[in-house]
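The primary structure of each chain is shown beneath.
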Amino acid sequence: MSLPPETLDALCPMHLHLDSEGIVRGAGPTFAKLMGDGPLAGAHFTTLFHIYRPGAVRDSGGLLSLAGRRLQLRLHDGRSTALKGLAMPDGAGGVIMNLSFGIGVVDAVRDHALTSTDFAVTDLAIDMLYLVEAKSAAMEASRTLNRRLQGAMLAAERRAYTDPLTGLANRRALTRVLARLQRDATAFALMHIDLDFFKQANDTHGHPAGDRVLQAVADIMLEATRKNDTVARVGGDEFVILLEDLTEPQVLCDLAGRMIRQIERPIPLDDAFARISASIGIALSDGMPPASAVLDRADAALYEAKRRGRAQYAMQAETAPPAGS
Amino acid sequence: MHGLIARTLQCFLQDTYGQAAWQDIAGRSGLDLPGFEAMLDYETGLVVRVLSEATALLAKPADTILEDIGTYLITHANNEGLRRLMRYGGVDFIDFLHSLEELPGRARLAVPDLRLPDLELEGHSGRAFCLRCTAPTGEPTGFGHVLVGVLRAMADDYGALVILDHRGAEAGCETVDIVVIQTDFASGRAFELGAPLPVPRASSIP
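Calculation rules
Residues numbered from 1 in each chain as written. Chains lettered and ligands numbered in written order. Predicted model: local features only at pLDDT ≥ 70, side-chain atom pairs only at ≥ 80, totals over all residues. Heavy atoms only, no water. Core = buried A, V, L, I, M, F, W, Y, C linked by side-chain atoms within 4.5 Å. Buried < 20%, exposed > 50% of the residue type's maximum accessible area, 1.4 Å probe, protein only. Helix = DSSP H or I, 4+ residues; strand = E, 2+ residues; numbered from the N terminus. Domains from an automatic or database assignment. Contact = heavy atoms within 4.5 Å. Pairing = 2+ DSSP bridges. pLDDT = per-residue confidence, 0-100. Patch = residues over 30% accessible without salt bridge, like charges linked within 9 Å, V, L, I, M, F, W, Y side chains within 5 Å. Areas by Shrake-Rupley, 256 points an atom, 1.4 Å probe, with all protein chains shown as cover. Salt bridge = Lys/Arg side-chain N within 4 Å of Asp/Glu carboxyl O. Buried area = accessible area lost by both parts, 1.4 Å probe. Polar contact = N/O pair within 3.5 Å; in protein donor to acceptor, adjacent residues only side chain to side chain. Nonpolar A, V, L, I, M, F, W, Y, C, P; charged D, E, K, R; others polar. Axes fitted to C-alpha atoms, helices over the stretch in contact; angles between N-to-C directions. Parallel < 35°, antiparallel > 145°, perpendicular 65-115°, else oblique. Left-handed = near helix turned anticlockwise from the far one by under 90°. UniProt positions renumbered as here; feature names shortened; annotations may be inferred.

## Side note on the nonpolar core
If you look at the biggest cluster of nonpolar residues, it comprises 51 residues, and the most contacted ones within it are B:Leu13, B:Phe36, B:Phe93, B:Leu97, B:Leu131, B:Leu151 and B:Ile178. With nine residues, helix α8 (residues 143–158) of chain B is the single largest residue contributor to this core. When we break this core down by domain, the ones giving at least three residues each are domain 1 (3–60) and domain 2 (70–182) of chain B. Each residue touching B:Ile178, except ones within four places of it in the same chain, is listed here: B:Phe93, B:Leu97, B:Arg127, B:Ala128, B:Phe129, B:Leu131, B:Leu151, B:Ile163 and B:Leu164. Counting residues in each nonpolar core, the second largest holds 44 residues, with A:Val95, A:Phe119, A:Ala134 and B:Val111 among its members.

Next comes the structure, spelled out in structure tokens:
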């Protein structure tokens, strides 16, 4: 059976016909396009590409010995375009090779400006390009959704750990920080703060004014503490401050006294001033779990401060000495 | 109904009539979400309600809105990717028509749960065709009108001159008559197989 060249060109646009010496006798139009303007007929195939798998091949005999096997080769086209190929005897001592891009088709089409007419209609290359683009579009839609969901999740998480009125941490956040401090065995101090005369201010000036007072107190506490300390609002007019790596009683007492004095300064409202104070109970971590036991000791100290007449701070009872003392 | 379809309706309304119009329509439809997500599923009734509210608010028949959606899908700059995918259908408009029956299958390759209507093309002569569009069970008809918009825009894209006629629906099956007057009436838009390299997009998280 002898085929007219145009039949082979249409069926296999990327074929190459070599004679028994390995000289090109014919090439499909797409293969010619890949190689650019250079003359193909008369060239030896080793000047066009090198076969590197299953092994180096230098002549037609070598090609025929690999008939039926998958060949991997790279074009000498300035880009080292990777191709796979198949070589079969032409029945007259020569070789017909058919070549394909394999999964490199996306890059090859872009690099060589190929069009759909460069591929045989039976070739799946175009369907593969379609699939790559369609899948990328679908993936992008999914990624967009994921980004939005993640943004929403982070916002929800922030809300879940934040007191909406003051922007301070809430009790849930406090529990989480306590768990972390316990896990990392970090020494810390805890202040339990309860506002004095807040109810009177609320009753006298109204709830919106009460909210303003709470915000002002929150600002004072944030101002008085460091960035990595945790200031939480855990009840109507109850706050907790966690101070990491700070267990020096004198420093803590000074800090508590300073905060009480600042809170006692009249807080400006629309047409009046609110006058409140605060009682503070201070406790120190002792490295013994559970970390929440510190809360109980601070609570007891707060009760003691209240019992002594409010507007003052109290250190935890002497029976529970600070760690390391 | 697949979110891609619902999202298309939303993007069309937003891009064509503005964010305020969309919010108005979404509010009247009882859509208590910021909007449709392309990769989630929605109750078909909700999407139909959005379309009928749009019909009322924009004072346009549903058929016209659906056809405009088809045109929007191919011509709007935001949908360049889809136009490219459609151009894979063939080298000229006739070739493209012959590939239409493959469209639902092609769509499923990329998004396996996207159910598009069955398409069946019948050629009367080399240039006259009849396209039958059968909605999946449980889905409303109307896709035929979208298809008319898509075909009109694709004809422009290929530079072909065509006459399209939606002949109505019968038992869930819409019929569109297509006559191709000239395949190279005008110079169409360019289509290169090698897609431009994707531009990295900024994250939408503020």
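## Quick look at the pairing of strand β4 (residues 173–182) of chain B
All names here are of chain B. Within β4, seven of the ten residues are buried, which leaves it mostly tucked inside the rest of the structure. Pairing of strand β3 (residues 161–170) with β4 involves eight bridges; the strand directions are antiparallel. In the sheet register, Ile163 faces β4, and the bridge partner there is Val179. The turn linking β3 back onto β4 is made up of two residues, and Ala171 within it adopts a positive phi angle of 50°.

## Concerning the confidence of the model for chain B
Detailed reading of the predicted coordinates is not advisable wherever pLDDT is low. Residue and element names in this part refer to chain B. Taken over all residues, the pLDDT of chain B has a mean of 90, while the share at 70 or more is 94%. Counted against residues more than four places away or in other chains, residues 199–206, with its pLDDT under 50, gives seven contacts. Reported confidence for the predicted complex is 0.78 by ipTM and 0.72 by pTM.

## Focus on a nonpolar patch on the surface
Residue and element names in this part refer to chain A. Together, Ile103, Met128 and Val132 make up a nonpolar patch on the protein surface, roughly 280 Å² of accessible area in all. With respect to the helices and strands, Val132 occurs in helix α5 (residues 125–160). Look at Val132 and you get partly exposed, because its relative accessible area is 34%.

## A short note on the environment of A:Gly36
All names here are of chain A. Residue placement: Gly36 occurs in the loop between α2 (29–34) and β3 (49–53). Judged by its relative accessible area of 38%, Gly36 is partly exposed. For the pair formed by Gly36 and Asp77, sequence separation is 41 residues and the distance between their alpha carbons is 8.0 Å.

## Quick word on the interface of chain A and chain B
Contact residues are listed per partner, giving 24 residues for chain A and 24 residues for chain B. In total, chain A and chain B occlude about 2,200 Å² of area from one another, counting both sides; carbon and sulfur atoms represent 63% of this. In terms of surface lost to chain B, no three residues of chain A exceed A:Arg110, A:Tyr130 and A:Glu133, which account for 31% of the buried area on that side. Applying the counting rule to chain A against chain B returns three salt bridges. A salt bridge links A:Glu133 to B:Arg84, with the shortest nitrogen-to-oxygen separation between them at 2.8 Å. Between the two partners, chain A and chain B, sit six residue pairs in polar contact (both at pLDDT 80 or more). Listed by contribution, the elements that provide at least two residues to the side of chain A that touches chain B are α4 (105–111) and α5 of chain A. At 17 residues, α5(A) tops the list of elements feeding residues into the side of chain A that touches chain B. The residue inventory of the side of chain A that touches chain B, partitioned by class, reads eleven nonpolar, six polar and seven charged.

## Observations concerning the packing of α5(A) against helix α7 (residues 103–110) of chain B
Taken N-terminus to C-terminus, the directions of α5(A) and α7(B) make an angle of 55°; their axes are 8 Å apart at the nearest point. One way to sum up the angle between α5(A) and α7(B) is to call them oblique. Note that α5(A) runs across α7(B); the crossing there is right-handed. For the pair formed by α5(A) and α7(B), the contact residues are A:Asp127, A:Tyr130, A:Leu131, A:Ala134, A:Lys135 and A:Ala138 on the first element and B:Arg106, B:Ala107, B:Leu109 and B:Ala110 on the second.

## Remarks on the UniProt feature "domain: Heme NO-binding" (unreviewed entry) in chain B
UniProt's feature table lists "domain: Heme NO-binding" (unreviewed entry) at residues 2–159 of chain B, given in the numbering used throughout. The span residues 2–159 of chain B shows a helical share of 59% and a strand share of 8%, and its end C-alpha atoms are spaced 32 Å apart.

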